[in-house]
Structures are given as C-alpha cells and as structure tokens.
Amino acid sequence: KDTNTKETFTKPKTTFEDVAGLDEVKEELAEVIDFINQSEKYKKMGAKIPKGILFHGPPGTGKTLLASAVAGETKSTFFSASGSEFVEKYVGVGAKRIRTLFEKAKKEAPSVIFIDEVDAIGAKRHLDSNNEKDQTLNQLLVELDGFNTDQTVVVIAATNRMDLLDEALLRPGRFDRHMYISNPNVRAREEILKVHTKNKPLCPKIEIKNLARKTHGMSGAHLANISNEAAIIAVREDAEVISLDHFDQAIERVIAGLQVRNPTVL
Ligand code: ATP
C-alpha cells in the first residue's frame, strides 16, 4: 500500500505582492509571518506560536496563493496537499500519510503545510464510528496537538464549506484563527487584473478600471484566466498588443464557461 503523501514540497518565491486585494487578511497574516521570522523572540517570551489557520470562502479567491506567499515571505518550506488525497479505501492509510506529512514538515522546518479542501478529511465525525475518514481526522488532530515549540510548523487549511467541519478541528490550539477570503470587489478586481497584466503588452487605450467594472461576480482565478485568454486571442489574431476587443472576447468566454456549469451565475 502506498503511504507516501503526494504533496509537493517547495521553497516558493511567492510574496504578498503577488496577492492583490485582501488587505485585511494580509494584515492578519503579517502577524503570523512575524511569528515565523522571529520565532526565537516569541519563544523566549514564552509565547506560543499559533499553528493552525483556516481560510474559508468561495473557490478561486487566492487561498492557495496566500498560503504559498506566507511560505515565500518566511523562506519556509511549503507543503501543499489536498484533503481528498488522504481519503483512502484502506483503514489507516490516510492517517499514516498525515503522520508522514508532518514528519517531513518538521524535518524541513520552518515549514508551512497547506491542506486544501480540508472538509474532505475534517467533516463532522459520526459517533462511535471508526472508519478510515475518522482515523485520518483523528491523526490530524493528534499532529496539531503534538507540536512542540521547537518546531516552527504552521498549518493552513482551506475550505469552501466551513459548516461541514468537525468542531474539534476549530478548537483553541488547532485551527483557531479563521480568515474569510472573499470574492473581490471592484477595487480588488482592478488590483488583481493589474497583477495579471503586469508583464503583458496592453493597448494603451485599455483602462483596467473599466475591465474591473465589467467582471462583477468573478473570482481572482477567473480574472487570471481572462488575462491569459486575452493574450492567447491576441496571439491568434497576430496582434502586436492586447486590445479591449481581445479582453471582451475573453470575458465572454469565461462567462460562457460559467453558464455551462451553473446557469444561475452572473
Ligand atoms: P480553491 O478554493 O478552488 O482551491 P483558491 O482560493 O485556493 O481556490 P487559488 O488557487 O489561490 O484559489 O487561485 C487560483 C489562481 O487565481 C491563482 O494562482 C492566481 O493566479 C489567481 N488569483 C486568485 N486570487 C488572486 C488574488 N487575490 N490576487 C492575484 N491573483 C489571484
């Protein structure tokens, strides 16, 4: 049986500059970054470094990006896994994977562990049941409780469904810092579009502000997608720069894609 985690482990170069908008969340995370960067100071003062942070909110809003920026800003090793990877047929395999993941992270500390879709393992447990999922969740709780203060390992979990999570996960000392990652407003959409068009040749007539107004209801992931689609369309049309028309086509494509999946959106 394969008990290796499939998580990648890297030293990301992502910084807060890559994350547009979300100013309040970044402010809160600055504190966590300081804990990691100056962990010795905090330890000397007898302060415990918070270990569990929960990002919740709609998909595509930059949760993964933010977690990788926390690692980048602290030069930490970044472990990224999805909750669904731990859900296994054989009892004990998921739990073993969790254990291995934390062992590796401690070895490579300072580390940031990111667990996307944590609801796949962290959904409410059933009384008296002892199935594979519950063992995996129990192991995660054991790991969160078991850190000692010599290791700087911060765990960031993300979910679109916080309501599904077992309360045990949210208790003090576990994922006790909750940060809501919202869909961007018009101002944030403008910032996100700026980040994703920074290295693209744009027609000088384009006003990013207007593009932001046209993309109401879209997430950061949609906006990244639109910026890329517009560039692809420009290449196909053999244009020198990306024009407003290329953006309009790209926006239409993304809207059409959304309507296929969910006809009530937009
Ligand atoms: P999911 O819940 O679906 O896992 P997520 O919230 O983790 O989504 P990301 O994977 O971080 O979202 O976002 C996908 C991509 O969208 C990012 O790699 C980035 O290119 C872009 N993006 C999303 N939000 C932002 C943002 N605030 N600033 C800049 N780019 C963003």
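Here's a quick rundown of the structure. Being a predicted model, the structure only gives us computed values, none of them experimental. Each chain has its residues counted from 1, running along the sequence as written. Only residues with pLDDT of at least 70 get local features here, since the model is predicted, and only at 80 or more are side-chain atom pairs given and counted; chain-wide, interface and lining totals rely on the full set of residues. The side-chain numbers reported here are obtained from all heavy atoms of the structure, hydrogens and water having been left aside.

What follows is about the site of the ligand. Of all residues adjacent to the ligand, which total 18 residues, the nearest are Ala-20, Gly-60, Lys-63, Thr-64 and His-196. Think of a polar contact as two N or O atoms within 3.5 Å of one another; within protein, one of them needs to be a possible hydrogen donor and the other a possible acceptor, and neighboring residues in sequence only count if both atoms come from side chains. A distance of 2.9 Å separates an oxygen atom of the ligand from a polar backbone atom of Gly-60. Within the side chain of Asp-116, an N or O atom sits 3.0 Å from an oxygen atom of the ligand. When the free accessible area of the ligand is taken as 630 Å², the share hidden by the protein chains comes to 78%. Contributions of two or more residues to the shell around the ligand are made by helix 3 (63–74), helix 8 (186–197) and helix 10 (220–236). Any residue with a non-hydrogen atom lying within 4 Å of a molecule or strand is treated as near it. In short, Shrake-Rupley with a 1.4 Å probe defines the accessible areas, and a residue's cover is counted only from the protein chains shown. Numbered from the N terminus, helices here are DSSP runs of H or I no shorter than four residues, and strands are runs of E no shorter than two.

Fitted lines through C-alpha atoms serve as axes, helices being fitted only where they are in contact, and the angles separating the N-to-C directions of these axes extend from 0 to 180 degrees. Following both chains from N to C, one finds helix 8 and helix 10 inclined at 40°, their axes separated by 9 Å at the closest point. The orientation of helix 8 with respect to helix 10, classified from their angle, is oblique. As helix 8 packs across helix 10, the resulting crossing turns out to be right-handed. Contacts from Arg-189, Ile-192, Leu-193, His-196 and Thr-197 in helix 8 reach Gly-220, Leu-223, Ala-224 and Ser-227 in helix 10. Throughout, the ten residues Ala, Val, Leu, Ile, Met, Phe, Trp, Tyr, Cys and Pro are labelled nonpolar, Asp, Glu, Lys and Arg are labelled charged, and all others, Gly among them, are labelled polar. A class-by-class count of the residues in the contact of helix 8 with helix 10 yields four nonpolar, four polar and one charged. In what follows, roughly perpendicular refers to angles from 65 to 115 degrees, roughly parallel to angles under 35, roughly antiparallel to angles over 145, and oblique to any angle outside these ranges. With the far helix as reference, a near helix turned anticlockwise by less than a right angle produces a left-handed crossing, and one turned clockwise produces a right-handed crossing. Residue contacts are defined here by distance: any two heavy atoms, one from each residue, within 4.5 Å place the two residues in contact.

This brings us to the pairing of strand 5 (residues 153–159). A simple rule labels every residue: compare its accessible area, found with a 1.4 Å probe on the protein chains alone, to the largest value its type can have, and call it buried under 20%, exposed over 50%, or partly exposed in between. Judged by how many residues are buried, strand 5 sits mostly within the fold: seven of seven residues are covered. Residues Val-153, Val-155, Ala-157 and Thr-159 point to one face of strand 5 and Val-154, Ile-156 and Ala-158 to the other, with burial holding for every one of them. A pair of strands counts as paired when DSSP detects no fewer than two bridges linking them. Two elements, strand 4 (residues 111–116) and strand 5, share five bridges in a ladder whose sense is parallel. Its bridge partner lying in strand 5, Val-112 is registered against Val-154.

Here helix 1 (residues 23–37) crosses helix 3 at 40°, and the two axes come no closer than 10 Å. The pairing of helix 1 with helix 3 is recorded here as oblique in orientation. The handedness of the crossing between helix 1 and helix 3 is right-handed. Contacts from Val-25, Lys-26, Leu-29, Ile-33, Ile-36 and Asn-37 of helix 1 reach helix 3 at Leu-66, Val-70, Glu-73 and Thr-74. Looking at the contact of helix 1 with helix 3 residue by residue, the class counts come to six nonpolar, two polar and two charged.

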